[in-house]
Amino acid sequence: MLSDVMNYFGLKRTLEYVGYFETEEQTHLFKELKPQIRQGRLIAISGVVGCGKTTTLQRLQLELASEKDIIISKSLAVDEDKVNLGTLMAALFCDLATEKDAKPPTQPEQRERKLLALIQKCRKPVVLLVDEAHDLHNSTLIKIKRLIELVRLQGSTLSILLVGHPKLKNDLRRPSLEEIGARTTVFSLEGIRGHQSEFIKWLLGECIHDDYLVSDLVTDEAIAFLAERLTTPLQIEHYLKLAFEEGYKVGTKPITLGVIESVLAHSINDLEPRLIRHGYNAKVLAELLNVRMAEVNSFLHGQLPPGRTQDLRDQMLKMGIPC
């Protein structure tokens, strides 16, 4: 937001990266996660786009670091499509090895042996955190499971925590991935669902000057409407920002229901954006359904005959894809 907009509404900071809004469900999630990590498990957390997965992962990392009984490693690779076992093992080498030993051997057998020795030296459970894991190839998931087993056979503990869109959870439930899915503890991150109004008031309270009230910025009616229509922190932050900019432009304060309605996209909950939030774009759907991209695009835009539309919906529902 422009500084003029912020000054007009009494905002001392922007709405992004404000902090961690913790719900009872998230507190329970952490309570369940930590014992799993200490046991040496493959763990997956899935949640829709913008629900707070990365923020939750950062908070978990801070808590584990403060407790000091688990060694934390994290994959920082940005190009998720190309992340494989070698990439993840390189992350472990970077975080566990001394500077002299940080470079992994190029020969696979030597690499695995050296990594096992490094994990044994830690004398504590090790967890590797992998964000955006919904793009991992099935073969990589199988190799990750094997790596965890190798470490366990050596008397050490390695957990790998995968975080991604609901597509990750659905992939792990497929019969073709039973070898992995049956050995993976899967958690669903609901984020602020059911707590949208509380989140909006908390967010605004964190961003306004001390001499302002939340009601000075947004009416209760507008907050209730936002809470009804939006489900993730990302959506709320985005549309509040647009509302403040529109309110400044037309000289309205506090933000009313009318201003919110004027900036809220009418197609926000259409089929295509809903699928994308779950990790399913047109390319992914075409591969899963074994159909042409053109047909998927026609399906997404309601241009297929009713019978064919129903066929595709039935296939998607069998795969656990919300449609």
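These numbers were taken from a predicted model, which means no experiment stands behind them.

With respect to the overall build of the protein chain
Then comes step 1: A tally of regular secondary structure across the protein chain gives 16 helices and five strands.
Then comes step 2: Along the first, second and third principal axes, the C-alpha set of the protein chain runs to 65 × 55 × 30 Å.
Then comes step 3: Within the protein chain, the proportion of its 323 residues that are buried is 46%.
Then comes step 4: Sequence separation of at least 24 residues holds for 74% of the intrachain contacts in the protein chain that already meet a minimum separation of 6.

Some points on the packing of helix α4 (residues 85-96) against helix α5 (residues 108-122)
Then comes step 1: The contact between α4 and α5 brings their axes to 10 Å, and the two run at 40°. Taken together, the axes of α4 and α5 lie oblique to each other. Crossing handedness for the pair α4 and α5: left-handed. Where α4 abuts α5, its residues G86, M89, L92, F93 and L96 lie against R111, E112, K114, L115, L118, I119 and C122.
Then comes step 2: Counted by class, the contact of α4 with α5 contains eight nonpolar, one polar and three charged residues.

Quick notes on unusual backbone geometry
Then comes step 1: In this model, K253 is joined to P254 through a cis peptide bond whose omega is 0°.
Then comes step 2: Following the sequence through the fold, P254 ends up in the loop between α11 (233-250) and α12 (257-263).
Then comes step 3: The backbone phi angle of K68 is positive, close to 65°, even though this residue is not glycine.
Then comes step 4: Along the chain, K68 turns up in the loop between α3 (53-67) and β2 (71-74).
Then comes step 5: Here N290, not a glycine, exhibits a phi torsion of approximately 60°, which is positive.
Then comes step 6: Residue placement: N290 occurs in the loop between α14 (282-289) and α15 (293-300).

Overview of the confidence of the model for the protein chain
Then comes step 1: In the predicted model, the protein chain carries a mean pLDDT of 92, and the fraction of residues at 70 or more is 99%.
Then comes step 2: Within the protein chain, no element has a lower average pLDDT than helix α8 (residues 178-181), which sits at 90, and none a higher one than helix α9 (residues 196-207), at 97.

A short note on the packing of aromatic side chains
Then comes step 1: Enumeration according to the criterion identifies seven aromatic pairs in this entry.
Then comes step 2: On the numbers, 4.9 Å between centres and 90° between planes, the contact of Y8 with F9 is edge-to-face.
Then comes step 3: By relative accessible area, which is 24% here, Y8 ends up partly exposed.
Then comes step 4: On the accessibility criterion, F9 (0% relative accessible area) is buried.
Then comes step 5: Considering the side-chain rings of F21 and W202, the 5.4 Å spacing of their centres and the 50° angle between planes classify their relative orientation as tilted. Here W202 lies in helix α9 and F21 lies in the loop between α1 (3-9) and α2 (24-39), a separation of 181 residues in the sequence.
Then comes step 6: In this structure W202 comes out as partly exposed when scored by relative accessible area, which is 22%.
Then comes step 7: What links up through ring pairs into an aromatic cluster is the set Y8, F9, F244 and Y248.
Then comes step 8: Taking the ring centre of Y8 as reference, the NZ or CZ of K253 above it sits at 4.6 Å.

So, how was this worked out
Residues numbered from 1 in each chain as written. Predicted model: local features only at pLDDT ≥ 70, side-chain atom pairs only at ≥ 80, totals over all residues. Heavy atoms only, no water. Helix = DSSP H or I, 4+ residues; strand = E, 2+ residues; numbered from the N terminus. Buried < 20%, exposed > 50% of the residue type's maximum accessible area, 1.4 Å probe, protein only. Contact = heavy atoms within 4.5 Å. Axes fitted to C-alpha atoms, helices over the stretch in contact; angles between N-to-C directions. Parallel < 35°, antiparallel > 145°, perpendicular 65-115°, else oblique. Left-handed = near helix turned anticlockwise from the far one by under 90°. Nonpolar A, V, L, I, M, F, W, Y, C, P; charged D, E, K, R; others polar. pLDDT = per-residue confidence, 0-100. Phe/Tyr/Trp six-rings, centres within 6.5 Å; stacked < 30°, edge-to-face > 60°. Lys NZ or Arg CZ within 6 Å of the ring centre and 35° of its normal.

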